[in-house]
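Single-letter residue listing:
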Amino acid sequence: MSTQYKGSVLSSTEQATSTSSAKGIWTTSDVMQAQKASTWVTLGFPIEFLLVAGGGPGGWNYCGGGGAGGVVLSTSLPITLSANYTVTIGAGGTPPGSGGVPGTGNNSVFTASSSSPALGGGGGNVDSTSTKYGGAGGSGGGAGYLAGSVAGAGTSGQGRNGGAGDSNSNFGGGGGGYGAVGIGGTNSTGVGGIGLLSTITTNFAGTANTSTSTSINITAVSAGVIGIGTQITGSGVPAGTVVTALGTGTGGTGTYTMNKATTTTLTGTAITSTGVYYAGGAGGWTRSTGTTLGGLGGGAGGVTGTNTVAGGVNQGGGGGGGGSLAVGGTGGSGILIIAYPDTNPNLSSVSAGLTCNGSAGNTTPNTTYRTGYKVYRFTAGTGAISW
């Protein structure tokens with residue numbers, strides 16, 4: 001660069017520029033040279049995001065549970081205005097049949113982050129054989145119950161390993177979750193690893209009517225949104241309680257199903273939350289009556305028979321293990337959540353192939369999920385977005 005203008009004063013001294021600063025008055029030629037050298041100011045702002053891949057499926061025939069989809073996140077990721085970023089929401093993995101190999105969940109992608117993609121979860125062990133390990137992935141799939149069966153490995157920073165099986169008590173290993181390895185071992189029940197408790201959206205608060213059942217009726221909302229994976233706290237609500245299904249409610253007032261029954265019957269009791277769970281591992285096959293536990297975050301429970309359970313949709317949960325000749329549960333699909341202060345602009349473009357905030361190609365942010373923020377939830381598809 002030849003001439004620069006320091007506060008309108010012509011000088012031969014070269015001024016330093018960067019992607020965050022370019023003080024002075026610049027000629028068009030200087031700007032073009034700096035842009036070519038990637039040393040010119042980039043317009044944009046930081047965002048928070050949570051990216052979860054598709055969960056791994058359960059295996060086949062006395063199998064382990066599927067591992068959770070991998071997780072990539074940031075509380076301050078710079079984005080550039082007018083740049084195109086690719087988004088792909090990974091589908092849950094498909095379970096194998098007889099003679100197959102462990103399935104794998106599909107990757108989720110957000111190209112604004114150099115840590116992308118989030119890797120699909122590994123599938124549960126097939127046939128409980130030593131030659132067909134639990135699948136590796138974001139989190140690893142659980143081992144089968146026979147001696148020599150090996151659990152799948154998780155990916156550092158994205159998830160955890162699957163759990164070992166138990167040939168003495170006939171339990172398949174649980175799939176790994178974001179927050180913990182799958183549980184296995186002597187007299188275990190093949191519990192899936194717990195997932196991530198995320199606070200990217202505002203923690204829910206409100207009032208509810210409860211009874212001694214797994215149903216809760218939200219009667220008023222004072223903060224946030226309630227949905228599948230929301231952790232619930234209140235009088236008579238056991239620790240580790242989360243919402244597992246929608247009833248008449250779709251985020252506000254109405255009924256919801258929880259994974260645990262409340263212990264009291266109350267009217268208008270205060271209900272709060274500390275976040276929403278994602279990326280839980282699935283439980284492995286069990287000989288015992290009932291089911292083994294999936295990890296909080298959409299991990300499915302393992303079962304004795306063939307009625308296997310799928311991982312949580314848009315939670316990246318692993319699919320549950322099953323018994324004799326049973327096909328494991330399908331993994332749960334992934335999700336991308338973006339949040340940033342509402343002083344910044346809306347998305348200007350979302351490809352029609354992406355489902356955003358409930359509809360294809362939607363660029364309108366949700367301002368209810370987090371006070372003072374614009375929130376976008378991508379739940380299916382692939383395509384480009386830009387601001």
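Right above here is the structure, for reference.
Predicted, not measured: the structure shown is a model, and the values here were computed from it.

### Describing the layout of surface pockets
Okay, so step 1: Of the pockets and cavities examined, the largest pocket occupies roughly 1000 Å³.
Okay, so step 2: Those elements that place two or more of their residues in the lining of the largest pocket are strand S11 (243-246), strand S14 (276-278) and strand S19 (373-386).
Okay, so step 3: With three residues, S11 is the single largest residue contributor to the lining of the largest pocket.
Okay, so step 4: Across the lining of the largest pocket, the residue classes tally to 15 nonpolar, 25 polar and two charged.
Okay, so step 5: When its volume is computed, the second largest pocket comes out at roughly 150 Å³.
Okay, so step 6: Every residue lining the second largest pocket is listed: Glu-48, Phe-49, Leu-50, Leu-73, Ser-74, Thr-75, Leu-196, Leu-197, Ser-198, Thr-199 and Ile-200.
Okay, so step 7: Secondary structure elements with two or more residues in the lining of the second largest pocket: strand S3 (44-52), strand S4 (71-80) and strand S7 (196-198).
Okay, so step 8: Looking at the lining of the second largest pocket residue by residue, the classes come out as six nonpolar, four polar and one charged.

### A few points about the sheet that holds S11
Okay, so step 1: Across the sheet, six strands lie side by side as S10-S13-S8-S9-S12-S11; this open sheet has antiparallel pairing. Of all strands in the sheet, those with a lone pairing partner are strand S10 (233-234) and S11, marking the two edges.
Okay, so step 2: Direction of pairing for strand S8 (residues 205-210) relative to strand S9 (residues 215-223): antiparallel, over a ladder of six bridges. Across the sheet, the residue bridging to Thr-210 is Ile-216, located in S9.

### Concerning the packing of aromatic side chains
Okay, so step 1: Per the stated rule, a full pass over the model turns up eight aromatic pairs.
Okay, so step 2: Consider the rings of Tyr-85 and Phe-110, whose centres lie 6.3 Å apart with planes at 65 degrees: the pair is edge-to-face. Of this pair, Tyr-85 sits in strand S5 (residues 85-88) while Phe-110 sits in strand S6 (residues 109-110), placing them 25 residues apart in sequence.
Okay, so step 3: Between Tyr-340 and Trp-387, the ring centres sit 6.1 Å apart and the planes meet at 70 degrees, which makes this aromatic pair edge-to-face.

### Focus: the nonpolar core
Okay, so step 1: Grouped together as the largest cluster of nonpolar side chains are 25 residues, with contacts concentrated most on Ile-47, Phe-110, Leu-336, Ile-338, Phe-378, Ile-385 and Trp-387.
Okay, so step 2: Contributing elements (two or more residues each) for this core: S3, S4, S5, strand S15 (335-341), strand S17 (354-356) and S19.
Okay, so step 3: When residues of this core are assigned to their parent elements, the largest contribution, four residues, is made by S3.
Okay, so step 4: Grouped together as the second largest cluster of nonpolar side chains are 15 residues, Val-52, Val-71, Val-225 and Ala-339 included.

About the cut-offs
Numbering of residues begins from 1 in every chain and follows the order in which that chain's sequence is written. Per-residue local features of the predicted model are confined to residues with pLDDT of at least 70, and side-chain atom pairs are confined, for both listing and counting, to 80 or more; whole-chain, interface and lining totals are unaffected and use all residues. Each side-chain value is derived from all of the structure's non-hydrogen atoms; neither hydrogens nor water enter the calculation. A pocket here means an open set of points on a 1 Å grid, computed over the protein atoms alone, that has protein on both sides within 12 Å along at least five of seven lines. A cavity is instead a set of points where a 1.4 Å probe fits but cannot get out; residues with an atom within 4 Å of a point line either one. Grid points are joined across faces, edges and corners, and a volume is the space filled by probe spheres set on the points. By definition, any uninterrupted DSSP run of H or I lasting at least four residues is a helix, any uninterrupted run of E lasting at least two residues is a strand, and each is numbered from the N terminus. Each residue is assigned to one class: nonpolar for Ala, Val, Leu, Ile, Met, Phe, Trp, Tyr, Cys and Pro, charged for Asp, Glu, Lys and Arg, and polar for all the others, Gly among them. When DSSP locates at least two bridges between a pair of strands, those strands are taken to pair. A pair of Phe, Tyr and Trp rings is counted when the ring centres sit within 6.5 Å of each other, with Trp represented by its six-membered ring. The angle between the planes then sorts it: under 30 degrees is stacked, over 60 is edge-to-face, the rest tilted. For this analysis, a nonpolar core means a set of buried residues of the types Ala, Val, Leu, Ile, Met, Phe, Trp, Tyr and Cys, connected via side-chain atoms within 4.5 Å. Categorising residues by exposure relies on relative accessible area from a 1.4 Å probe, with only protein chains included: less than 20% of the type maximum marks a residue as buried, more than 50% marks it as exposed, and the intermediate range marks it as partly exposed.

Don't take any of this as a statement about function, it's just geometry.
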